[in-house]
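These are the residues of each chain, in order.
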Amino acid sequence: MAESVRGPRKGPTRSKAEAPDPIDVHVGQRVRKRRVELGMSQEKLGAALGLTFQQVQKYERGANRIGASRLFDLSRVLEVPIAYFFEEMPDAALGPTSRARRGLSASTAAPYEPDPMAKRETMDLVRAYYRIPDNGVRKRLFELTKSLAVADQTPSI
């Protein structure tokens, strides 16, 4: 069996019990982030790629791996360079095998948390915020939000 940088090569499919590869999950999250930034539905992205929205969902979850030609197509439809999908890759996604080969010690970093900026809720909030026509109202809302976030972190006595 062929050996890749990240360990033994997996077959084209995996069992339902096997977790998605962290790199596939990261790339899928980046696809979703960009799609949401553009305000594009899964159906619209699927249509542009000749896929169903269910296939887009599987790519975004990392359940299905994205091949090189599909990644190329995604970069064109989403108007980003291919490198975009690998930006902000956490060390945890590389796995212990890759870290050891690079001569790095065991990770002491916190477990990987998905980027909150990639959430639909965040993108909807940002879009709604910028649709507020009055700059003064928008600024007051911004200040209120900041004060609520700080107040939430203040220890109660």
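See the structure above.
Residues numbered from 1 in each chain as written. Predicted model: local features only at pLDDT ≥ 70, side-chain atom pairs only at ≥ 80, totals over all residues. Heavy atoms only, no water.

Student: It is not clear to me how the nonpolar core should be interpreted in this structure. Could you clarify?
Tutor: Among the nonpolar cores identified, the biggest contains 16 residues, and V27, V31, L45, I66, L74, L78 and F85 are the most heavily contacted of them. Top contributing element to this core by residue count: helix α1 (residues 22–37), with three residues. In this structure I66 touches V27, V31, Y59, L71 and L74, once residues within four positions along its chain are discounted. (Core = buried A, V, L, I, M, F, W, Y, C linked by side-chain atoms within 4.5 Å. Buried < 20%, exposed > 50% of the residue type's maximum accessible area, 1.4 Å probe, protein only. Helix = DSSP H or I, 4+ residues; strand = E, 2+ residues; numbered from the N terminus. Contact = heavy atoms within 4.5 Å.)

Student: What am I meant to see in unusual backbone geometry here?
Tutor: The backbone phi angle of E79 is positive, close to 55°, even though this residue is not glycine. Mapped onto the elements, E79 comes out in the loop between α4 (68–77) and α5 (91–101). In this structure, E88 takes a positive phi of about 60° despite not being glycine. With respect to the helices and strands, E88 occurs in the loop between α4 and α5. What makes E88 exposed here is its relative accessible area of 55%.

Student: Quick question: what am I supposed to make of the packing of aromatic side chains here?
Tutor: To describe a pair of aromatic rings, one takes the distance between the centres and the angle between the planes. One pass over the full model with this rule turns up two aromatic pairs. Taken together, a centroid distance of 5.6 Å and an interplanar angle of 80° make the contact between Y84 and F85 edge-to-face. A residue is classified by how much of its surface remains accessible, and F85, at 0% relative accessible area, is buried. For the pair Y129 and Y130, a centre-to-centre distance of 5.0 Å together with 85° between the ring planes defines the contact as edge-to-face. The residue whose ring lies beneath R138 is Y129, and the NZ or CZ to ring-centre distance is 5.9 Å. (Phe/Tyr/Trp six-rings, centres within 6.5 Å; stacked < 30°, edge-to-face > 60°. Lys NZ or Arg CZ within 6 Å of the ring centre and 35° of its normal.)

Student: What is the right way to look at the pattern of salt bridges in this model?
Tutor: Note on pairing: side chains with opposite charge can pair once their charged atoms come close. Taken as a whole, this structure holds nine salt bridges when the rule is applied. Across the pair R127 and D124 runs a salt bridge, and its minimum N-O distance is 3.4 Å. In this pair, R127 and D124 both sit in helix α6 (residues 120–130), three residues apart, roughly one turn of the helix. Residue classification places R127 among the partly exposed residues on the basis of a relative accessible area of 28%. The exposure class of D124 is partly exposed, given its relative accessible area of 38%. The closest approach of N and O atoms between E143 and K139, which form a salt bridge, is 3.9 Å. Of this pair, E143 and K139 both sit in helix α7 (residues 135–153), separated by four residues, roughly a single helical turn. Its relative accessible area of 35% is what places E143 among the partly exposed residues. Residue classification places K139 among the exposed positions, given a relative accessible area of 51%. Salt bridges sharing partners connect three or more residues here, namely R30, E87 and E88. (Salt bridge = Lys/Arg side-chain N within 4 Å of Asp/Glu carboxyl O.)

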